[in-house]
Amino acid sequence: MIIKESWKKAGYVTEPIAAGTDLVAGIRKMCKEKNAVILAHYYTDSAIQDVADFVGDSLALAQKAAKTDADIIVMCGVHFMGETNKILCPDKKVIVPDLNADCSLAQSCPQKEFSEFIAAHPGHTVISYVNTTAATKSVTDVVVTSSNARQIVESFPKDEKIIFGPDKNLGNYINSITGRNMVLWDGACHVHEKFSVERIVALKQQYPDAKVLVHPECKGAVVKLADKVGSTAALLKFAIADEARVYLVATESGILHEMQKSCPEKTFIPVPPEDSTCACNECNFMRLVTMEKLYNSLKYEWPVVEVPEDIRVKAIRPIDRMLEISERLGL
Ligand code: 13P
Ligand code: SF4
């Protein structure tokens, strides 16, 4: 397969697709022919979630990749998720339909600067959020996601000295609920930082009975307003089990698709970002994954995610450690 220079420049396959092509049928047919599996994060477009074999949060996606027997994994999400899959499955082809799908948290924590930070805090265990590059994971002791961060932090003795990076909001939240005093890297998600107390309070006046669902990547003042704080999967699980009729959702609005599908009788209202006229808060990186790019990435089996072997062998240790602890704790 010849990878065109124009594709490399764009970061995705730019070939036009014939008018009238049934993208869903074509994608499903190629998955069958090529023994490919499509994994999608809850923040991707609804059409992507609907065509995927599996939709989940960061932890579930890593768990699924680790167990798949497919030859090709198409990770509809952001680049670090594709890297995690490649680290776990080095012999498989791992595709992310647009290589530009980065993450502001991963960007905020380059391996070199993080290593200097670690060197400045000798004797600390290094815990990294999964939203990091493979290189940053390679200097980490254990990886966490927002689904298991609390339990993994608590699996260490109370007096363990811990560095937590890159999300200061998640780190502050975990410190507050565990009574720990982890040293935090100064990173944040540009999407979750945009949720404000004012917007939620205004919506609460409009919908006084609504419950507030908040992702822990939000600022502390926003987290304080929550009826439930949790990962995307935890917020979804809460909404399914809970008795309220209306929910204000303070996380990337892609999750509303699965919430509405799972609870058609309930109303989910996306909390808009601060200082914006947009109705909902979307991650510009996640939304780079489109049906057309997914179709072409399967057709041409490109763009693939590569992780240098010297980085991979170091980065797999903290990921395996996370998966082992999660399995032991039934997460
Ligand atoms: P979770 O799906 O693990 O809650 O992660 C949120 C996120 O920001 C993924 O990039
Ligand atoms: Fe990264 Fe934030 Fe987008 Fe999640 S929502 S992928 S943390 S930039």
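Residues numbered from 1 in each chain as written. Chains lettered and ligands numbered in written order. Predicted model: local features only at pLDDT ≥ 70, side-chain atom pairs only at ≥ 80, totals over all residues. Heavy atoms only, no water.

Visitor: Which parts of the structure should I look at to understand the overall build of the protein?
Guide: For the protein, the helix and strand inventory stands at 16 helices and 12 strands. Computed over C-alpha atoms, the radius of gyration of the protein comes to 20 Å, within 12% of the 20 Å expected from 2.2 N^0.38 for 331 residues, which places it in the range of a compact globule. With respect to the principal axes defined by its C-alpha atoms, the protein has extents near 55 × 50 × 35 Å. Going through the 331 residues of the protein one by one, you find that 56% of them count as buried. Within the protein, contacts between residues at least 6 apart in sequence are counted, and of these 65% link residues at least 24 apart. Surface summary for the protein: the accessible area is close to 14,200 Å², and the carbon and sulfur share equals 52%. Taking the 38 positively charged and 43 negatively charged side chains of the protein as two groups, their mean positions are separated by 2 Å. (Helix = DSSP H or I, 4+ residues; strand = E, 2+ residues; numbered from the N terminus. Rg over C-alpha atoms; globule rule 2.2 N^0.38 Å. Buried < 20%, exposed > 50% of the residue type's maximum accessible area, 1.4 Å probe, protein only. Contact = heavy atoms within 4.5 Å. Areas by Shrake-Rupley, 256 points an atom, 1.4 Å probe, with all protein chains shown as cover. Lys, Arg positive; Asp, Glu negative; His and termini not counted. Charge placed at Lys NZ, Arg CZ, Asp CG, Glu CD.)

Visitor: Teacher, can you tell me more about the environment of S138 here?
Guide: In this structure, S138 sits in the loop between helix 8 (134–137) and strand 6 (142–144). Sequence spacing of S138 and L331 is 193 residues, and the spatial spacing of their C-alpha atoms is 24 Å. Within the structure, the side chain of S138 is placed 2.5 Å from the backbone oxygen of A135, a separation counted as a polar contact. (Polar contact = N/O pair within 3.5 Å; in protein donor to acceptor, adjacent residues only side chain to side chain.)

Visitor: How do you make sense of helix 16 (residues 309–328) when you look at a structure like this?
Guide: Residues spaced three or four apart along an α-helix face the same direction, because each turn holds 3.6 residues. Taking 1.5 Å as the rise per residue, helix 16 with 20 residues should run 28 Å; its terminal C-alpha atoms sit 28 Å apart, in good agreement. Helix geometry: helix 16 is bent most strongly at I316, by close to 25 degrees, with proline P318 lying one to four residues after it. Those residues of helix 16 not exposed but buried are I311, R312, A315, I316, P318, I319, M322, L323, I325 and S326. Against the buried residues of helix 16 lie helix 4 (58–67), helix 5 (79–88), helix 8, strand 6 and helix 9 (149–154). Looking one or two places after helix 16, you find G330, whose phi comes out positive at around 70 degrees. (Expected span 1.5 Å × (residues − 1). Bend = angle between axes of the 7 residues up to and from the residue.)

Visitor: Explain the packing of helix 4 against helix 16 here, please?
Guide: Helix packing for two helices is described by the angle between their axes and how far apart those axes are. Here helix 4 crosses helix 16 at 100 degrees, and the two axes come no closer than 11 Å. With respect to their mutual orientation, helix 4 and helix 16 come out roughly perpendicular. Contact residues: helix 4 offers L59, Q63 and A66, while helix 16 offers M322, L323 and S326. For the contact of helix 4 with helix 16, the residue count by class is four nonpolar, two polar and no charged. (Axes fitted to C-alpha atoms, helices over the stretch in contact; angles between N-to-C directions. Parallel < 35°, antiparallel > 145°, perpendicular 65-115°, else oblique. Nonpolar A, V, L, I, M, F, W, Y, C, P; charged D, E, K, R; others polar.)

Visitor: So what exactly am I meant to see when it comes to the environment of V313 here?
Guide: Within the element layout of this structure, V313 appears in helix 16. In this structure the C-alpha to C-alpha distance between V313 and S138, which are 175 residues apart in sequence, comes to 8.0 Å.

Visitor: I tried to follow the sheet that holds strand 1 (residues 36–41) on my own but got confused; where do I start?
Guide: Strands belonging to one sheet form pairs held by backbone hydrogen bonds; the direction of such a pair is parallel or antiparallel. Reading across the sheet, the four strands line up as 2-1-3-4 and stay open at both edges, with parallel pairing between neighbours. Looking at which strands have only one partner, the edges of the open sheet turn out to be strand 2 (54–56) and strand 4 (93–95). Mean inter-strand twist for the sheet, computed between neighbouring axes without regard to direction, equals 20 degrees. Along the sheet, helix 2 (residues 23–34) contacts strand 1 and strand 3 (72–76); its crossing angle with strand 1, the most-contacted strand, is approximately 130 degrees. (Pairing = 2+ DSSP bridges.)

Visitor: I'm lost on the nonpolar core in this one. Help?
Guide: Soluble globular proteins tend to pack their nonpolar side chains together in the buried interior. One finds V78 and I127 to be the most contacted residues of the largest nonpolar core, which totals 68 residues. The element contributing the most residues to this core is helix 16, with seven residues. (Core = buried A, V, L, I, M, F, W, Y, C linked by side-chain atoms within 4.5 Å.)

Visitor: What should I look at first to understand the environment of I325 in this one?
Guide: Here I325 is to be found in helix 16. Between the C-alpha atoms of I325 and V144, which are 181 residues apart in sequence, the distance is 9.9 Å. In this structure, I325 is in contact with V142, I152 and S155, ignoring residues within four places of it in sequence.

Visitor: Would you explain the packing of aromatic side chains in this entry?
Guide: For the structure on display, the rule yields six aromatic pairs. Aromatic side chains F114 and W185 sit 5.5 Å apart centroid to centroid with 90 degrees between the ring planes, which places their arrangement in the edge-to-face category. Here W185 lies in the loop between strand 8 (183–184) and helix 11 (197–206) and F114 lies in helix 7 (residues 111–119), a separation of 71 residues in the sequence. For the pair F114 and W185, one class covers both residues: buried. Put simply, the rings of W7, Y300 and W302 pair up and form one aromatic cluster. One cation-aromatic arrangement involves K293 over Y12; the distance from NZ or CZ to the ring centre is 4.4 Å. (Phe/Tyr/Trp six-rings, centres within 6.5 Å; stacked < 30°, edge-to-face > 60°. Lys NZ or Arg CZ within 6 Å of the ring centre and 35° of its normal.)

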